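# Analysis of the macromolecular model
Read off the chains here:
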Amino acid sequence: MKNKILIMILVVISSVTLYGCSRSKPLVIWVGAEVQDFFQEKMEEYVIMFEEREGRAFPFEVQVRAADTGTAAGTFLDDMDAGPDILTVAHDNLGRLLSGAGAIRPIQNEALIAQIEATNPQAFIDVIRADVQGQSFLFGVPYEAQSLILYYNRNYLSAEDVETWEGIWEVAQTNNVRSLSITGADGFNNSFLVLASDAETGERFVRLYEEGVLENTEFVNDEMISIVRWGQAFFSHPNGARLASDSGWEADLRTGTSLTVIGGAWHFRAAQAALGNDLGVAKLPRFTITEDHAHGSVSPNTVMQSGSFTDTKMFVMNRSSDKLEYLEDILLFLTTPEVQEQSFLRNQTLPAYKNALESFEGMTADTIQGQLILAQLEMFNHGIPQPFGREARFNVFYYQRQAPDRLLAIFRNTNNQFNTVESIIEEMNLIERIWLGERP
């Protein structure tokens, strides 16, 4: 009898131990720090919903952890086994995540695929899709969108001033300060001129890996030469644009050293901390090509609109997760229009949902948060998704092979190397070749 009791005790202990082990490895989701608390609460709601629907306990503890979405893909690839089950990445990381054996799993749940296709703009659907062994799959689930916008100091600038860079420039000269600080010299944060378009027709003049084809890339044409020459005038002027000071772009805004900053929604809280009630938000300004900048077939007085990359953040699934059977149902819940609206109202995140402007309460509110949303939405008319997701090498060619530094050097006319049109064109040709995969 004693032996039977001992065996029963051991069985109970073993069961508890196994159960504890199964729960000792939680289901982990990575999101941006600004929405961590929100998605932890959403997952607590999901667990309750799951248990009511299934009539059983959800088998894992859920942990939503903060991660830098700009570097999350690289961190994950460094150690997939230690990575999360679901992670947030910008769509342009897709090529990196699929290279080699592929680190992420394609979406297979029919309900989730239907929701993705019904609720997202076609531009997002195009950049979350990839071909594997001749078959096309969706790999990401969009839930946020983002674009670059203008933060400005309302103590100096009016809403009318910030419609054009020339308007800002004039006020900067009057006050002997800088017109603009860019937050980084990289090809993303300093893309407003590369991605510029004709303000009247909307035609964009740069071509970057269009349709996922390397050769569909062009930087050197009359319009882009004219834009770059205008950019040089703006950056090389003592009251024009500059890279953020060593103290940081926040200090530039706070001290009035620079009147504006180009940034994303992720910069909003820092910009608000710097300027308080003096903070204004607007779409990126227009600028005018004059006789001094016009090249070739471009007519003087042509008005250009600054551009932006207009991207989506998306959830992807770790292919090595031991919880794959649960992940797609979680993503179906976390990316509904309803949850996107709740995140917008609480966190001022820009939804990926294509009908958000018409459907979501508060999208047009007359508040600084409403201005932030509207400015980003306006920039979606003047931008493109980063076209680097099809192949990992595109990201390397555009961002990591000196092209951004060389472009900034033209704008600054570093060491007076680019005083002539010929020298500017020569360097632009080199940048184009770098984008096409040549080493500098």
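Residues numbered from 1 in each chain as written. Predicted model: local features only at pLDDT ≥ 70, side-chain atom pairs only at ≥ 80, totals over all residues. Heavy atoms only, no water.

If you tally the helices and strands in the chain, you get 17 helices and 19 strands. Rg of the C-alpha trace for the chain: 25 Å, near the compact-globule value of 22 Å for 440 residues, within the 12% margin. Its C-alpha atoms put the chain at 100 × 50 × 40 Å along the principal axes. Counting the 440 residues in the chain, one finds 54% classified as buried. Looking at the chain alone, contacts between residues at least 24 apart form 74% of all its contacts between residues at least 6 apart. As displayed, the chain has an accessible area near 19600 Å², and 47% of this comes from carbon and sulfur atoms. Computing the positive centroid from 33 side-chain charges and the negative centroid from 59, the chain places the two 8 Å apart. (Helix = DSSP H or I, 4+ residues; strand = E, 2+ residues; numbered from the N terminus. Rg over C-alpha atoms; globule rule 2.2 N^0.38 Å. Buried < 20%, exposed > 50% of the residue type's maximum accessible area, 1.4 Å probe, protein only. Contact = heavy atoms within 4.5 Å. Areas by Shrake-Rupley, 256 points an atom, 1.4 Å probe, with all protein chains shown as cover. Lys, Arg positive; Asp, Glu negative; His and termini not counted. Charge placed at Lys NZ, Arg CZ, Asp CG, Glu CD.)

Let us look at the pattern of salt bridges. Taken as a whole and judged by the stated rule, the model has 16 salt bridges. In this structure, Lys-313 engages Glu-144 in a salt bridge whose closest nitrogen and oxygen atoms are separated by 3.8 Å. In this pair, Lys-313 sits in strand 17 (residues 311-318) while Glu-144 sits in strand 7 (residues 141-146), placing the two residues 169 residues apart along the sequence. The burial state of Lys-313 is the same as that of Glu-144; both residues are buried. (Salt bridge = Lys/Arg side-chain N within 4 Å of Asp/Glu carboxyl O.)

This paragraph deals with the pairing of strand 1 (residues 27-31). Most of strand 1 sits out of view: 5 of its 5 residues are buried. A two-sided burial pattern is seen for strand 1, the buried positions comprising Leu-27, Ile-29 and Val-31 on one face and Val-28 and Trp-30 on the other. Sheet topology note: the strand 1/strand 2 (residues 62-66) ladder contains 5 bridges and is parallel. Looking across to strand 2, one finds that Leu-27 is bridged to Val-62. Read as a crossover between parallel neighbours, the route from strand 1 over helix 2 (residues 36-54) to strand 2 is right-handed. (Pairing = 2+ DSSP bridges. Right-handed = clockwise from strand over helix to strand, strands pointing away.)

For the rest of this paragraph, the subject is the domain arrangement of the chain. When the parts come together, some accessible area is lost, and that loss is often what is quoted as the size of the interface. Taken domain by domain, the chain holds domain 1 (10-145 + 312-364) and domain 2 (148-309 + 401-435). Taking only C-alpha atoms into account, the centre of domain 1 sits 35 Å from that of domain 2. (Domains from an automatic or database assignment.)

Moving on: unusual backbone geometry. One non-glycine residue, Asn-176, lies in positive phi territory at about 50°. When you line up the elements, Asn-176 lands in the loop between helix 7 (165-175) and strand 9 (178-182). On the basis of relative accessibility, which here comes to 63%, the residue Asn-176 falls in the exposed class.

Below, the discussion takes up the sheet that holds strand 11 (residues 241-243). Pairing is mixed in the open sheet, where 5 strands are placed in the order 11-9-12-8-13. With one partner strand each, in any of the chains shown, strand 11 and strand 13 (279-282) form the two edges of the open sheet. The mean angle between the axes of side-by-side strands here comes to 30°, regardless of whether they run parallel or antiparallel. Where strand 8 (residues 149-153) and strand 13 come together, 4 bridges link them in antiparallel fashion. When the bridges of strand 13 are listed, Tyr-152 appears paired with Gly-280. Packing against the sheet, helix 7 makes contact with strand 8, strand 9 and strand 12 (258-263), and its axis sits at approximately 145° to strand 12. Most of the contacts of helix 8 (residues 222-236) go to strand 9, to which it runs at about 105°, and overall it touches strand 9 and strand 11. (Axes fitted to C-alpha atoms, helices over the stretch in contact; angles between N-to-C directions.)

With 80 residues, the main nonpolar core has Trp-165, Phe-219 and Trp-435 as its most contacted residues. Dropping the residues within four chain positions of it, Phe-219 is found in contact with Val-194, Val-206, Met-224, Val-228, Leu-407, Met-428, Ile-431, Glu-432 and Trp-435. Residues Val-31, Tyr-46, Met-80 and Ile-86 belong to the second largest nonpolar core, which totals 51 residues. (Core = buried A, V, L, I, M, F, W, Y, C linked by side-chain atoms within 4.5 Å.)

Another point: the layout of surface pockets. Volume-wise, the largest pocket comes out at about 830 Å³. For the lining of the largest pocket, the secondary structure elements donating two or more residues are helix 4 (94-98), helix 6 (122-127) and strand 5 (129-132). The residue inventory of the lining of the largest pocket, partitioned by class, reads 20 nonpolar, 8 polar and 10 charged. Among the domains, domain 1 (10-145 + 312-364) and domain 2 (148-309 + 401-435) are the pair contributing at least three residues each to the lining of the largest pocket. (1 Å grid on protein atoms, 1.4 Å probe; cavity = no way out; pocket = protein on both sides within 12 Å on 5 of 7 lines; lining within 4 Å. Points joined across faces, edges and corners; volume = space filled by probe spheres on them. Nonpolar A, V, L, I, M, F, W, Y, C, P; charged D, E, K, R; others polar.)

Between helix 8 and helix 17 (residues 421-435), whose axes approach to 11 Å, the crossing angle comes to 110°. With respect to helix 17, the axis of helix 8 lies roughly perpendicular. The two elements helix 8 and helix 17 meet at a crossing, and its hand is right-handed. Two secondary-structure elements touch here, helix 8 through Met-224, Ile-225, Val-228, Arg-229 and Gln-232 and helix 17 through Val-421, Ile-424, Ile-425 and Met-428. When its residues are assigned to classes, the contact of helix 8 with helix 17 shows 7 nonpolar, 1 polar and 1 charged. (Parallel < 35°, antiparallel > 145°, perpendicular 65-115°, else oblique. Left-handed = near helix turned anticlockwise from the far one by under 90°.)

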